[in-house]
Structure formats: structure tokens, C-alpha cells
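Residues per chain, in single letters:
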Amino acid sequence: MLLNWTVMILYNYFSAMFVGPGYVPLGWTPEKSQDCMYLQYCKVCQSYKAPRSHHCRKCNRCVMKMDHHCPWINNCCGYQNHASFTLFLLLAPLGCIHASFIFVMTMYTQLYNRISFGWSSVKIDMSAAKRDPRPIIPFGLSAFAASLFALGLALGTTIAVGMLFIIQMKVILTNKTSIESWIEEKAKDRIQYYQTGETFIFPYDTGSKWKNFKQVFTWSGIPEGDGLDWPVRDGCHQYSLTIEQLKQKADKRVRSVRYRAVEDYSGVCCPMTKGVKTFFTTPCTEEPRIALSKGDLILATRGLKHWMYGEKILDSAADGGIRERGWFPRKCVEKCQYDSETDQPVDGEKKNR
């Protein structure tokens with residue numbers, strides 16, 4: 001059974017790693033040219049972003065149905081490897097539960113054979129078994145310590161990976177990736193903020209958990225569809241989600257604030273020269289940091305008490321259209337006198353979203 005668990009775990013692990021999530025073809029455009037107005041354009045891949053696809057900074061490609069970039073498989077979890085990745089998250093805890101059972105029973109049996117009861121105390125002699133003088137496998141103090149340590153690892157893996165499996169199953173049964181769940185939350189936020197009265201309906205949830213499940217898990221191991229076109233529920237547009245993304249992108253531009261760098265920043269994760277609070281409150285995220293030089297202009301879109309996230313304003317002709325986005329210390333910049341998009345004086349009571 002242990003060999004069976006090991007083979008299945010490694011097979012799904014390496015499948016998720018080497019098969020990959022599937023990438024949008026370079027230079028891809030929709031069949032109907034008029035549909036380009038509903039899609040975002042990726043300057044790195046020189047193609048339009050297909051519905052449900054997102055550009056991964058680590059893979060440097062637009063990933064089909066991207067859920068997240070997983071450092072454990074050194075690849076993205078997406079359209080083609082979602083099933084293998086989820087099976088790995090299921091099989092790893094099951095194998096660890098089996099191993100934990102073996103460890104517990106082994107330690108129980110060995111300790112039972114070495115324990116002696118007195119009138120006032122209980123003693124354990126790890127040198128040799130009292131009832132079985134010739135055990136099949138020698139079990140001394142070092143073996144007990146190793147078994148106890150392995151049991152802790154097995155239980156820890158069961159809890160940690162098991163929680164990830166539950167999260168992935170929720171994602172699959174609702175047919176929403178982690179990114180799409182965040183987009184849906186921001187859509188509700190945007191509608192409430194501007195009181196537009198519109199209603200956003202997630203287009204890819206079929207309404208049936210079984211149908212959503214079958215889009216990922218198939219007998220052939222190949223997920224349904226081609227990763228570019230997706231079936232949508234009644235009353236939804238083929239590009240409902242991408243249209244909402246464009247609205248959120250425009251809204252972010254409107255609400256962004258222009259800052260000017262007043263200090264140089266090298267782009268390190270935990271800068272030593274920007275203060276103790278800045279050093280210890282660095283954002284716990286995989287998002288990058290951007291280097292700043294005195295005089296640089298940045299469009300800030302969100303921030304923490306000592307850090308801000310934004311995009312550096314670059315000369316599009318000189319940098320080839322590639323954007324630089326990331327975190328930077330708040331003390332390195334100061335707010336410009338005019339707003340970034342409208343060139344109007346910044347309203348002091350403007351909401352900090």
C-alpha cells in the first residue's frame with residue numbers, strides 16, 4: 001500500500017509539474033476581430049488574453065484558466081494540470097495518514113514490550129524488549145526518536161496539504177479559480193462603491209457541481225474544451241468576465257494616485273536603511289518590489305501603513321511597453337500635487353481603496 005501511495009503521488013506530482021497548465025498561443029487573437037474590444041492585450045506575449053487566462057510573471061506567459069503559481073511544482077496550476085495537481089493534494093494526505101497509522105502502531109507495540117510497572121512508578125527500558133528478546137527490526141532510542149519525528153511530519157503534511165485540497169475542491173465545484181473569485185469580489189465592491197445598480201453574474205458556473213467537476217476530471221485525463229473558449233450559463237455573455245476586468249482596470253486607473261520618488265530604493269525585499277518599521281512590515285507576498293530613483297513617477301493603486309503598491313511611469317518608446325509594477329516603501333515617495341489620470345488637484349478626502 002505504501003508503494004502504491006508513493007507511485008500515485010509521484011505520478012500526479014510530476015504530471016502537474018511537466019505537463020504544465022497550458023499557455024495561450026503567442027500572437028493569439030479571437031476569431032472575430034470585433035471581439036478584441038472585450039479583451040486585454042498582453043504586451044509581453046504580443047497577444048490578447050483569452051477568457052479566464054492571466055499573465056504569470058514567473059512563467060512569463062499567459063496561462064489558460066490560471067488558478068495560481070505553485071512554488072512546489074515550480075509551475076502554474078491551470079487548465080491542463082488542474083486535475084493532476086488536485087489528485088496530488090488528495091493522495092499525499094491519504095498516504096501520510098497510512099504512514100501515521102504505521103508509526104503509531106509501531107511505537108505502541110515496541111513501547112508495550114519495554115514497559116515495566118512498579119508499585120509507585122512506570123519505567124521504560126529502550127535497550128531491549130523484555131517480552132520479545134529477538135525483535136525482527138531493532139528498535140532503540142534513536143529509532144523511537146526518528147519514528148516520532150516522522151509522525152510529526154506526516155501529521156503536519158496531512159493537515160497542511162489537506163486544507164489545500166479542500167480549497168481546490170471548492171474552486172472546482174464552483175468552477176471559479178482563485179483569481180476569478182477575487183475578481184468577483186472586486187466586482188461587487190465596484191458596483192457597491194459607484195451604486196451603478198448592475199448585477200454581476202459569474203458566467204462559468206454551470207449551476208451543477210457535477211458538471212463543474214466533469215470539466216476538470218475526465219476518464220481520459222484530458223480536461224474538456226481547448227482552454228480558450230468556455231461554455232457560459234444562460235443570460236451571460238461569452239466575455240462577461242473580461243468586460244468586468246476591463247471595467248475594474250479602468251476604475252483602478254481613475255482611483256490611482258501619482259507619487260514622486262524622493263529617495264532611491266534598490267528594490268530589496270527588506271531594506272535596512274528605510275527604517276525599522278519598514279524592515280519588519282515588508283509585505284508577505286510573492287509580488288515583486290520595484291527599484292526607484294529620485295524623481296521617478298509612480299501610480300499607486302493600493303498600500304499598507306509603510307508600503308505601497310503601484311506602477312512606475314516609464315517612457316513607452318524606451319522600455320518597449322513593458323510595465324514595472326511592485327511594492328516600494330512609503331517613505332521613499334511623496335504625493336504629487338495633481339492627480340495621475342485627470343491632472344486635477346487631488347481631493348484630500350478621496351477614498352483610499
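All residue numbers refer to position in the chain's written sequence, counted from 1. In keeping with the predicted nature of the model, local features appear solely for residues at pLDDT of at least 70, side-chain atom pairs appear and are counted solely at 80 or more, and the whole-chain, interface and lining totals rest on all residues. Side-chain figures throughout are based on the complete set of non-hydrogen atoms in the structure, without hydrogens or water.

Brief notes about the packing of aromatic side chains
Here the aromatic set is Phe, Tyr and Trp, taking the six-membered ring for Trp, and pairing holds for ring centres within 6.5 Å; pairs whose planes are under 30 degrees apart are stacked, those over 60 apart are edge-to-face, and all others are tilted. In total, this model carries 13 aromatic pairs according to the counting rule given. A ring pair is formed by Tyr79 and Trp230, whose centres lie 5.8 Å apart and whose planes are at 85 degrees; its orientation type is edge-to-face. Placement of the pair is Tyr79 in the loop between strand E6 (75–77) and helix H2 (82–112) and Trp230 in the loop between helix H5 (209–216) and helix H6 (240–255), with a sequence separation of 151 residues. Across this residue pair, the class does not change: Tyr79 and Trp230 are buried. Cluster of aromatic residues (ring-pair linked, three or more members): Tyr13, Phe14, Phe18 and Phe88. Numbering of helices and strands starts at the N terminus; helices are DSSP runs of H or I of at least 4 residues and strands are runs of E of at least 2. Under the scheme applied here, a residue whose accessible area is under 20% of the maximum for its type counts as buried, over 50% as exposed, and between as partly exposed, the area being computed with a 1.4 Å probe on protein chains only.

Topic: empty space enclosed by the protein
The method works on a 1 Å grid over the protein atoms by themselves. A cavity is a set of points holding a 1.4 Å probe that cannot get out, a pocket is an open set with protein on both sides within 12 Å along at least five of seven lines, and residues with an atom within 4 Å of a point line them. Grid points are joined across faces, edges and corners, and a volume is the space filled by probe spheres set on the points. Within this structure, the stated rule accounts for two cavities of 30 Å³ or more. Roughly 50 Å³ of volume is contained in the largest cavity. In terms of residue class, the lining of the largest cavity is made up of two nonpolar, four polar and two charged. The space that makes up the second largest cavity amounts to roughly 40 Å³. In terms of lining, the second largest cavity is formed by Lys65, Gly78, Tyr79, His82, Gln215, Val216, Pro223 and Trp230. For this classification, the nonpolar set comprises Ala, Val, Leu, Ile, Met, Phe, Trp, Tyr, Cys and Pro, the charged set comprises Asp, Glu, Lys and Arg, and every other residue, Gly included, is treated as polar.

Some thoughts on the UniProt feature "transmembrane region" (unreviewed entry) in the protein chain
Per the UniProt record, "transmembrane region" (unreviewed entry) is annotated on residues 6–24, 87–108 and 136–167. Secondary structure across residues 6–24 comprises 74% helix and 0% strand; the distance between its end C-alpha atoms is 33 Å. Counted over residues 87–108, helix gives 100% and strand 0%. Its end C-alpha atoms are 32 Å apart. UniProt positions are given in the numbering used here, feature names are shortened, and annotations may be inferred rather than shown by experiment.

Some points on H6
By this rule, a helix spans an expected 1.5 Å times one less than how many residues it contains. Between its terminal C-alpha atoms H6 stretches 23 Å, which fits the 22 Å expected from 16 residues at 1.5 Å a residue. Of the positions making up H6, those classed as buried are Ser240, Leu241, Thr242, Glu244, Gln245, Gln248 and Asp251. Contact definition: two residues touch when any of their heavy atoms are within 4.5 Å. On its buried side, H6 packs onto strand E3 (54–56) and helix H4 (178–194).

Here's the deal with the state of the cysteines
Here, a disulfide means two cysteine sulfur atoms that sit within 2.5 Å of each other. By the definition in use, this model includes zero disulfides. Not part of a disulfide, Cys56 finds its nearest cysteine sulfur in Cys76, a span of 3.3 Å. By relative accessible area, which is 3% here, Cys56 ends up buried.

Observations concerning unusual backbone geometry
A positive phi is found at Arg52, a non-glycine position, where the angle reads about 75 degrees. Mapped onto the secondary structure, Arg52 falls in the loop between strand E2 (47–48) and E3. Of note, the phi angle at Asn175 is positive, near 60 degrees, even though the residue is not glycine. With respect to the element layout, Asn175 can be found in the loop between helix H3 (141–174) and H4.

Regarding the environment of Phe213
Among the secondary structure elements, Phe213 is positioned in helix H5. As for Phe213 and Asn175, which are separated by 38 residues in sequence, their C-alpha atoms are 7.9 Å apart. Not counting residues within four places of it along the chain, the set of residues in contact with Phe213 comprises Met169, Ile172 and Leu173.

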